[in-house]
Amino acid sequence: MTRFLLARPIATFVVAFTLMGLGLITLRQLPISLLPDIPIPELTVQASYPAADARQIEQLVALPLRNQLLQLHHLDDLEAVSQDGQVTVKLRLDYGTDVDLAYLEANEKIDLLMSQFPRDMERPRVVKAGAGDLPVFVLNVWAANGDSADFIEVSSFAEQVIRKRLEQLPDIALVDRSGAAEGEWLIRPDLNRLRAAGLTTDELSDALRSRTANLGSLTIREGAYEYSIQLAEPLQSAEELTNTYLLAGKESPRLVRLGDFATVMRQEQPEAGFHTFNGQRAMALAIIKRSDAQVLDLQAELAEQVEQFRHDYPSLRFEVSQDQTTLLAISISNLEGSLLTGALLTLLMVFLFMNSRRILLIIAVLIPVSLAITMLAFYGLGLSINIVSLAGLVLGIGEIIDSAIIIIENIEQQRERGLSVADACVEGTGEVIGPLFTSVLTNSAVFLPLLFLSGIAGALFFDQAVSVTLALGISLLASYTLVPVMYHRLYRRQETFRPTTTRLMRAADSFYNRVFTAAFRYRRGVLVGCGLLLAGAGWIGLKIPKSGMPELSRTELEWAVDWNEPISPQENSRRIQSLLRSIGPLSGTVNAYVGAQDFLLNPRLNQAPSEALILFKVNSTADYENLIEKLRQKTAQHFPAATNSFRPAQNVFEQLFQTNEADLIVRVFDGQSQQSPEQAQVRQATDLLQKAGFSVPTPPTRRRILLTLSDEKLAIYQVARESLYQRLATAFGQSPVTTLQNGQQQWPVVMGQLSEANLDSILAHTFVTTQMGTGIPIKNLLTYRFAEDFAARRLGKEGAYVALEPILLQTSQELPPHQIAQKALAQATGFSFDFAGSYFRNQAYLLELGWVILIAVAMLFFILAAQFESLLQPFIVLLTIVFGTTGALALLYLSGGSLNIMSGVGLVVLIGLLDNDSILKIDTMNRSLGKLSLMESIREGGQRRLQSQLMTYFTTVLGLLPVLWAAGLGAELQKPLALTVLGGMTLGVLISWTFIPLMYWWLQKGKEE
């Protein structure tokens, strides 16, 4: 094959550079994203029933939903959270489940339930939203003068104009919105004049409904023609409503004008929540991109469109926040820089170790050709450019040139033996292609088990495994075809081979010989040292912290607060602004989502009026930590009843790995029934955990007013319950009458008193009409009392529970937190409990990763046994990997890192890097045994691999060093991986100079004896 290529150099170059050109063209077509496109198998069911509190919602809606949805196929977990007036059911499915089919199945099961729900409840809605449905931007719109008094016009304009113009951009799939103000018409009757006119509030409501009813259309035929007759809208404005005439009086009916005994006014509907941006009330437009959109192109399109908005609508202000592309741009830029740095360092190592401009040219051509063809393979396989696939290329950049260096070294060794340039290229390439192929095969086999990681973790690292495998395979193919052809073309006129050795290589060779000699002179010392290394690795393995994902620096914070008091959204916002003013000026932006929000694809913002989610964008990690501390202190100082939680702002990574979940969650169940536990049971569990050394945040509660109607008095005074309820609704301004068309919107018409009086005053001054026509104060027909209950009630697969999130104050204890909590709660009576949280998920990830590493090592053993035709020599390679793992754990521990998924992936990468050198070294030793003595074969095997080994080591190490100091999510995710590879390769090089020769010598001596 090589001789055939040498005879056709032009064809070889044309094919290579054509593929390279295609790769560069497809590079512009590859989608760019933060992470691979991973479908999240989740569904959310939302149901609303405003007439019920949390306990009633749980019984009437949540429990039937939970029982029915438990029958979904491939259901992994279920959680139903009931709050006043609403319930949200989160369904997490097994990874790989067809979410579209699950969506249809969930809707079918809800249809079967509709007869069991209250008749006046709307049908529950199923939302299918994954990581791709997270907004890439939020556009905030507010009035330029800062006046929020008439926010209805701003909301209407943003809804009807701005939103529609944004959705016309080709890369935008949907513009979700929240924070809009909606109007209504309020009829405020004068009760004295109303009674004088001979009308009751019920009669007034019925008359208005009939007056504003839409009677539909008629059809008339006139000869050959047929016409549709539509009745004009009865009422179109507040003026028409005020001038409406109604029939009043039963004994002597007469027409009365509504404006004579009632006032009609426009007002904003009582909001359950709103949104502010930097303290200004604003409309939030969340921009969802198309799945195939180029995010950075969308950023440019949006920036241009926003500038156009500012020019066209100077009375409005527009600002973009929650920009996901910032994180993407920083992460991709840093990894691209690391990739470029690795390539330049590779060329530098070639120059320093080989001191040949021609060989430097060969490598300089090989690197872009290999990377460009890898991009072409990305395009063919449907992969994207993301922080995972780029990290795979950063890891593989050192290995990309390894095959080329080995082939060049072997060609030059053949020339030293007197072969011509052409024959040396043929013989040198053919001699090492077998072990090189085995090396690439073992590397690929090592990465293959990463695909067996279950769920999202396996899907995430698929890109990394594929990118490294593609880079190594394509570089081997390019080295096998291009390197001998280019070497032949560059050296074909050089008849006499003149080997050159650089000063650096001579120093390295001298140092290697001294280490090699010392290893054989002090064999027992080497064995003792290796034993101590293994013992140290065992100790570090027990002491090193374990976690699911590495700690990441943050600049975007979510503060979730529940004031645990029955306050309005306006008071909620006032408290937030007062706290923010008390902590001083903030350097970034602040988005406050106060109370319930209207987003279609963000069910987690279905909050109560006393809840809020505030998003901060700060400049640094130090500002992030300081802000958390200040908010925690100020809230505890001014509002001790409030509960806080702080977590990183949601992005694709946080949603995929649920990094916001607490480490330990104690779920408290009622031990005697299927009902939610009572407050006394939860307090008992809290007390026991606090005595065991935990800090336990109190679950949010709500204070409610319970009205008790007197059936006896209702019967005596002949008052219907429905009439009493309707009269209370009118008194509280919550009595809907009808709707009126206002432009393109339907505005409700409500009847109320706009009273700011307290409850006692309202009950004393509000009268209900008896069937005898007399009025009686409502307070005579009922009693009330205050009660406290949990703000949210939870249902899971196991039943109803209350979740506690204890935090262990003394982390130096030997037992893990869940075992301490279990011992503390074992003495409890009257309730049961179990545990959940990220701790258990992380342990499962690490256990699974351990099995993956064992599978990788087993596959490596079988491939090596087939290559060496020996069952003993593969153990030399495996022991090298063990010592490399020791160096990796040591550097992780000394740098303050943890054993997590990324460092575990680093161990898998390390296996592939270490086995490459060991395979080629042992193969060289085996081929030299018949020609040289055992010691000389061992020494020559190390010396022939020394140059390429050092070049690969320095290229990999120096290429990964920038990752340790780079910023961004991509770099921070790869830091544990980089530390693992650096520590393992450094110790691995020393072991390959000492332990591998000794082990090979002992095995061969035993075989000879």
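An unreviewed UniProt entry lists the protein under the name Efflux RND transporter permease subunit, with Arundinibacter roseus given as the organism.

Student: Whenever I open this one, the pattern of salt bridges confuses me. Can you help?
Tutor: Side chains that differ in sign of charge can pair as their charged atoms come close. Per the stated rule, a full pass over the model turns up 28 salt bridges. Between Arg-177 and Glu-159 there is a salt bridge, with the nearest N and O atoms lying 2.9 Å from each other. Linking Arg-177 in strand β6 (residues 172-178) with Glu-159 in helix α5 (residues 151-167), this pair joins segments that are 18 residues apart in sequence. Judged by its relative accessible area of 19%, Glu-159 is buried. One salt bridge connects Arg-163 with Glu-167, and the closest N-O pair in it is separated by 3.9 Å. Of this pair, Arg-163 and Glu-167 are both found in helix α5, four residues apart, which corresponds to roughly one turn of the helix. Given a relative accessible area of 17%, Arg-163 falls into the buried group. Residue Glu-167 is classed as partly exposed on the basis of its relative accessible area, which comes to 34%.

Student: Sorry, what's going on with the nonpolar core here?
Tutor: When a protein is soluble and globular, its nonpolar side chains tend to lie buried together. Formed by 108 residues in total, the largest nonpolar core has its most connected members in Met-354, Ile-363, Ile-408, Tyr-487 and Ile-938. Per-element accounting of this core gives the leading share, 16 residues, to helix α31 (residues 969-1008). Each of domain 1 (1-29 + 356-493) and domain 3 (514-553 + 838-1008) accounts for three or more of the residues forming this core. Sequence-distant contacts of Ile-363, that is, excluding residues within four places in its chain, are made with Thr-346, Leu-347, Val-350, Ile-401, Ala-404, Ile-405 and Ile-408.

Student: What is the right way to look at the sheet that holds strand β15 (residues 283-289) in this model?
Tutor: Each strand in a sheet pairs with its neighbour through backbone hydrogen bonds, running either in the same direction (parallel) or in the opposite one (antiparallel). An order of β6-β15-β5-β16 is seen for the four strands of this open sheet, with the pairing classed as antiparallel. Edge positions in the sheet fall to β6 and β16 (316-321), since each of these pairs with one other strand and no more. Going from strand to strand, the sheet's axes swing by 25° on average, the running direction of each strand aside. Against the sheet, helix α10 (residues 295-312) touches β5 (137-143), β6, β15 and β16, its axis set at about 165° to β16.

Student: Mind showing me how you'd approach the packing of helix α18 (residues 523-543) against helix α28 (residues 873-894) here?
Tutor: Two quantities define a packed helix pair, namely the angle between the helix axes and the distance between the axes. Across the interface, α18 lies against α28 with an axial gap of 9 Å and an inter-helix angle of 50°. On the basis of the axis angle, α18 is oblique to α28. When you trace α18 past α28, the crossing you get is left-handed. Contacts from Cys-530, Leu-533, Leu-534, Ala-537, Trp-539, Ile-540 and Lys-543 of α18 reach α28 at Val-882, Phe-883, Thr-886, Leu-889, Ala-890 and Tyr-893. Its residues placed into classes, the contact of α18 with α28 shows eleven nonpolar, one polar and one charged.

Student: Can you help me understand the side chain of Ser-937 in this one?
Tutor: Locating Ser-937 in the fold gives a position in helix α30 (residues 934-965). Apart from residues no more than four positions distant in its own chain, Ser-937 is found in contact with Met-925, Ser-928, Leu-929 and Leu-932.

Student: Help me understand the environment of Gln-267 in this model?
Tutor: Tracing the sequence through the fold places Gln-267 in strand β12 (residues 262-268). Measuring from C-alpha to C-alpha, the distance between Gln-267 and Trp-185 comes to 6.4 Å, with 82 residues separating the pair along the chain. A polar contact is formed between the side chain of Gln-267 and the side chain of Glu-184, at a distance of 2.6 Å.

Reading the values: rules and limits
- Residues numbered from 1 in each chain as written.
- Predicted model: local features only at pLDDT ≥ 70, side-chain atom pairs only at ≥ 80, totals over all residues.
- Heavy atoms only, no water.
- Salt bridge = Lys/Arg side-chain N within 4 Å of Asp/Glu carboxyl O.
- Helix = DSSP H or I, 4+ residues; strand = E, 2+ residues; numbered from the N terminus.
- Buried < 20%, exposed > 50% of the residue type's maximum accessible area, 1.4 Å probe, protein only.
- Core = buried A, V, L, I, M, F, W, Y, C linked by side-chain atoms within 4.5 Å.
- Domains from an automatic or database assignment.
- Contact = heavy atoms within 4.5 Å.
- Pairing = 2+ DSSP bridges.
- Axes fitted to C-alpha atoms, helices over the stretch in contact; angles between N-to-C directions.
- Parallel < 35°, antiparallel > 145°, perpendicular 65-115°, else oblique.
- Left-handed = near helix turned anticlockwise from the far one by under 90°.
- Nonpolar A, V, L, I, M, F, W, Y, C, P; charged D, E, K, R; others polar.
- Polar contact = N/O pair within 3.5 Å; in protein donor to acceptor, adjacent residues only side chain to side chain.

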